[in-house]
Amino acid sequence: MNLTHPLNRSEFGRIEDIGNVMSLSQAMDLLNSWVKNEKLIFHMQQVGHLMKAFAAEKGYDEFTQRLWHLSGLLHDADWDQWPDDHCRKIIEELESRNQDPRMIKAIASHGPRYFGVDPETEMDKMLYAFDELSGFVHAYSLMRPERYEGMEIKGVKKRLKDKGFAAQVSREDIADASQRAGVQLEDLIQFVIDNQLRA
Ligand SMILES: [Fe+2]
Ligand SMILES: [Fe+2]
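In this text the structure is predicted, and so the values were computed from the model without any measurement. (Residues numbered from 1 in each chain as written. Chains lettered and ligands numbered in written order. Predicted model: local features only at pLDDT ≥ 70, side-chain atom pairs only at ≥ 80, totals over all residues.)

1. Points about the overall build of the protein
Alright, step 1. In terms of helices and strands, the protein carries 10 helices and zero strands.
Alright, step 2. A compact globule built from 199 residues should have a C-alpha radius of gyration of about 16 Å, and the protein, at 16 Å, falls within 12% of that.
Alright, step 3. With respect to the three principal axes, the spread of C-alpha positions in the protein is 45 × 35 × 35 Å.
Alright, step 4. The 199 residues of the protein split such that 39% are buried.
Alright, step 5. Considering only intrachain contacts with a sequence separation of at least 6, the fraction spanning at least 24 residues in the protein is 70%. (Helix = DSSP H or I, 4+ residues; strand = E, 2+ residues; numbered from the N terminus. Rg over C-alpha atoms; globule rule 2.2 N^0.38 Å. Buried ≥ 20, exposed ≤ 12 C-beta atoms within 10 Å, placed from the backbone. Contact = placed C-beta atoms within 7 Å.)

So this is what it looks like as structure tokens:
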């Protein structure tokens, strides 16, 4: 979820804070105090879960998996209360808590068309890619009686072509994110089907 409000910044966090990432329970405390919308919390949990699963599949260490997990988990934390300040507010909060600059940068670049910050690292790019696609596949699962059971790539792609379905999800962003990440759209969709946190 993004509005067009450029951050007008290119540096996020401080280098000396590399390695400093809050615990999962601290992140959940932050979400529970900032976000009343349960669907939004679930969206962030889904994106966080995909990020963690991707980092795990890549064989990254536990710390790196948490870095990826929390980038996803916190990326829309300010959307509920401060949509006009999304994602400036969460960036400033994480900076004030001396959090790892790589996590802050990933959050800052999760909507390049809106925030004016390009995803550069693999973590930045995967957050951008999973964000819209996770929500889209979730919406698709809700209209299938069997939910994720038997869900296929071609079914997801058919819905992507149907402009009336989940119209708020930007097809342009999904295509752009897949291209920037250098991952085939089909592979991304399959990863989301296999690893999405279920409702
Ligand atoms: Fe967002
Ligand atoms: Fe999001």
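2. Observations regarding the environment of Gln65
Alright, step 1. Along the chain, Gln65 falls in helix α3 (residues 62–74).
Alright, step 2. Taking the C-beta count within 10 Å as the criterion, Gln65 has 18 such neighbours and is therefore assigned partly exposed.
Alright, step 3. Gln65 sits 20 residues away from Asp85 along the chain, and the two C-alpha atoms are 28 Å apart.
Alright, step 4. The residues touching Gln65, leaving out its near neighbours within four places in the chain, are Lys52, Ala55, Ala56 and Tyr60.

3. Some thoughts on the packing of helix α2 (residues 38–57) against α3
Alright, step 1. Axis separation between α2 and α3 bottoms out at 7 Å; the angle between their running directions is 160°. As far as their axial angle goes, α3 and α2 are roughly antiparallel. Handedness of the crossing formed by α2 with α3: right-handed. Counted together, Met44, Gln45, Val47, Gly48, Leu50, Met51, Lys52, Phe54, Ala55 and Ala56 of α2 and Thr64, Gln65, Trp68, His69, Leu70, Ser71, Gly72, Leu73 and Leu74 of α3 form the full contact between these two elements. (Axes fitted to C-alpha atoms, helices over the stretch in contact; angles between N-to-C directions. Parallel < 35°, antiparallel > 145°, perpendicular 65-115°, else oblique. Left-handed = near helix turned anticlockwise from the far one by under 90°.)

4. A short note on unusual backbone geometry
Alright, step 1. In the segment running from His86 into Cys87, the intervening peptide bond is cis, with an omega of 0°.
Alright, step 2. Tracing the chain through its elements places Cys87 in the loop between α3 and α4 (88–96).
Alright, step 3. In the Ramachandran plot, Arg147 falls in the positive-phi region, its phi being about 50° despite a non-glycine side chain.
Alright, step 4. Among the secondary structure elements, Arg147 is positioned in the loop between α7 (122–142) and α8 (153–161).
Alright, step 5. In this model, Ala166 sits at a positive phi of 45°, which is unusual for a non-glycine residue.
Alright, step 6. Among the structural elements, Ala166 can be located in the loop between α8 and α9 (171–181).

5. With respect to α3
Alright, step 1. Its 13 residues give α3 an end-to-end C-alpha distance of 18 Å, which sits within 8% of 18 Å, the value for a rise of 1.5 Å per residue.
Alright, step 2. Along α3, the residues classified as buried are Arg66, Leu67, Trp68, His69, Leu70, Ser71, Gly72, Leu73 and Leu74.
Alright, step 3. Check the buried side of α3 and you find it contacts α1 (24–34), α2, α4, α5 (101–108) and α7. (Expected span 1.5 Å × (residues − 1).)

6. A look at the packing of α4 against α5
Alright, step 1. One way to put it is that α4 packs onto α5 with a least axis distance of 10 Å and a crossing angle of 175°. Overall, the two elements α4 and α5 adopt an arrangement that is roughly antiparallel. Taken together, the residues of α5 that come into contact with α4 (itself represented by Ile90, Ile91, Leu94 and Glu95) are Met103, Ile104, Ile107 and Ala108.
Alright, step 2. Its residues assigned to classes, the contact of α4 with α5 comprises seven nonpolar, no polar and one charged. (Nonpolar A, V, L, I, M, F, W, Y, C, P; charged D, E, K, R; others polar.)

7. Considering the environment of Gly19
Alright, step 1. Secondary-structure assignment places Gly19 in the segment before α1.
Alright, step 2. On the basis of neighbour count, Gly19 is assigned to the exposed category, with 9 C-beta atoms found within 10 Å.
Alright, step 3. The spacing of Gly19 and Pro101 is 82 residues in sequence and 8.8 Å in space, taken between C-alpha atoms.

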